[in-house]
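# Fold and contact review
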Amino acid sequence: MKQTTFSPENAAMLLIDHQVGTMGWVKSADLAEVKKNTLALARAAKETGMPLILTSSMEEHAQGPLFEELQQAVPEAFENRIQRAGVVDAMKDPAFSDAVKSTGRKNLIIAGITTDVCVVYPAITAIAEGYQVQVVVDGSGSPSTLADETALRRMESHGVTLTSTNQLIVELAQDWSSEHGMKLMQVLFEEVLSKQQ
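Procedures and definitions
Residues numbered from 1 in each chain as written. Predicted model: local features only at pLDDT ≥ 70, side-chain atom pairs only at ≥ 80, totals over all residues. Heavy atoms only, no water. Helix = DSSP H or I, 4+ residues; strand = E, 2+ residues; numbered from the N terminus. Contact = heavy atoms within 4.5 Å. Areas by Shrake-Rupley, 256 points an atom, 1.4 Å probe, with all protein chains shown as cover. Lys, Arg positive; Asp, Glu negative; His and termini not counted. Charge placed at Lys NZ, Arg CZ, Asp CG, Glu CD. Salt bridge = Lys/Arg side-chain N within 4 Å of Asp/Glu carboxyl O. Buried < 20%, exposed > 50% of the residue type's maximum accessible area, 1.4 Å probe, protein only. 1 Å grid on protein atoms, 1.4 Å probe; cavity = no way out; pocket = protein on both sides within 12 Å on 5 of 7 lines; lining within 4 Å. Points joined across faces, edges and corners; volume = space filled by probe spheres on them. Nonpolar A, V, L, I, M, F, W, Y, C, P; charged D, E, K, R; others polar. Expected span 1.5 Å × (residues − 1).

## Quick word on the overall build of the protein chain
Summing up its helical and strand segments, the protein chain has nine helices and six strands in all. Considering only C-alpha atoms, the protein chain reaches an extent of 45 × 40 × 35 Å along its principal axes. Taking the contacts inside the protein chain whose residues are at least 6 apart along the sequence as the reference set, 81% of them involve residues at least 24 apart. Accessible area of the protein chain: about 8,900 Å², with a carbon and sulfur share of 54%. Of the side-chain charges in the protein chain, 16 are positive and 25 negative, and the distance between the mean point of each set is 3 Å.

Pasting the structure below:
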């Protein structure tokens, strides 16, 4: 299948389980990097009017709430987040699946914690359901590098495209001088480039 270019007009952003508890389990990537990239993705969606769906699982347990900076960056999406009762594959949670369908978009951008549990299954399910899927690797992470790499290979073998935050934002922008391009350049600078160590 020919891959179409993702744009703010044809894609939806799905951020899965970026919860304070689950994020503490990430050892495959620098947590500060994952956080800043997640915020860049959330803001990229918000600034361009792209559908943004947040979800969390069992917030009252060890997983905890979505991290505070994400709540503050996109308060409306946070308020409307899909709170799953424990279904691992978010695409098999009726409320989440319905929210994704209601966007009318067939191109899905996914990032989440952890890659090897909360990202791999919905990404593969979405592909099976006819969506095109890009997983943002540096907005995700796993308890080990091996777990992360194994999940990424598994997703790729099912037709998921792997990308990075910078790469995705450039794809969404296409032209920095366009209205979306200028907004996305600002997001990229504020959330990522200005915070490089």
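Having seen the model, we can carry on.
## Topic: the pattern of salt bridges
This model, assessed by the stated rule, comprises eight salt bridges. For the salt bridge of Glu 179 with Lys 183, the shortest nitrogen-to-oxygen distance reads 3.5 Å. Here the residue Glu 179 and the residue Lys 183 both occupy positions in helix 9 (residues 179–191), the gap between them amounting to four residues, near one helical turn. By relative accessible area, Lys 183 is classed as partly exposed at 29%. What emerges from the salt-bridge pattern is a single network uniting Arg 43, Glu 47, Glu 190 and Glu 191.

## Re unusual backbone geometry
Between Ile 113 and the following residue, Thr 114, the backbone shows a cis peptide bond with an omega angle of 0°. Among the secondary structure elements, Thr 114 is positioned in the loop between strand 4 (107–112) and helix 6 (115–128). The backbone phi angle of Asp 17 is positive, close to 60°, even though this residue is not glycine. Residue placement: Asp 17 occurs in the loop between strand 1 (11–16) and helix 1 (20–23). Residue classification places Asp 17 among the buried positions, given a relative accessible area of 2%.

## As for the layout of surface pockets
One number sums up the size of the largest pocket: a volume of about 270 Å³. Surrounding the largest pocket, 14 residues form its lining, Leu 52, Ile 53, Glu 76, Ala 77 and Asn 80 being those nearest its centre. Only helix 2 (31–48), strand 2 (52–57) and helix 4 (75–79) provide two or more residues apiece to the lining of the largest pocket. Residue composition of the lining of the largest pocket, grouped by class: 10 nonpolar, two polar and two charged.

## A closer look at helix 6
For helix 6, with 14 residues, the first-to-last C-alpha span of 18 Å sits near the 20 Å given by 1.5 Å per residue. Those residues of helix 6 not exposed but buried are Thr 115, Cys 118, Val 119, Val 120, Pro 122, Ala 123, Ile 124, Thr 125 and Ala 126. Buried positions along helix 6 lie against strand 1, strand 4, strand 5 (132–136) and helix 7 (145–157). Directly after helix 6, the chain includes Gly 130, whose backbone phi takes a positive value near 95°.

All quantities given are derived from atomic positions and should not be read as evidence of function.
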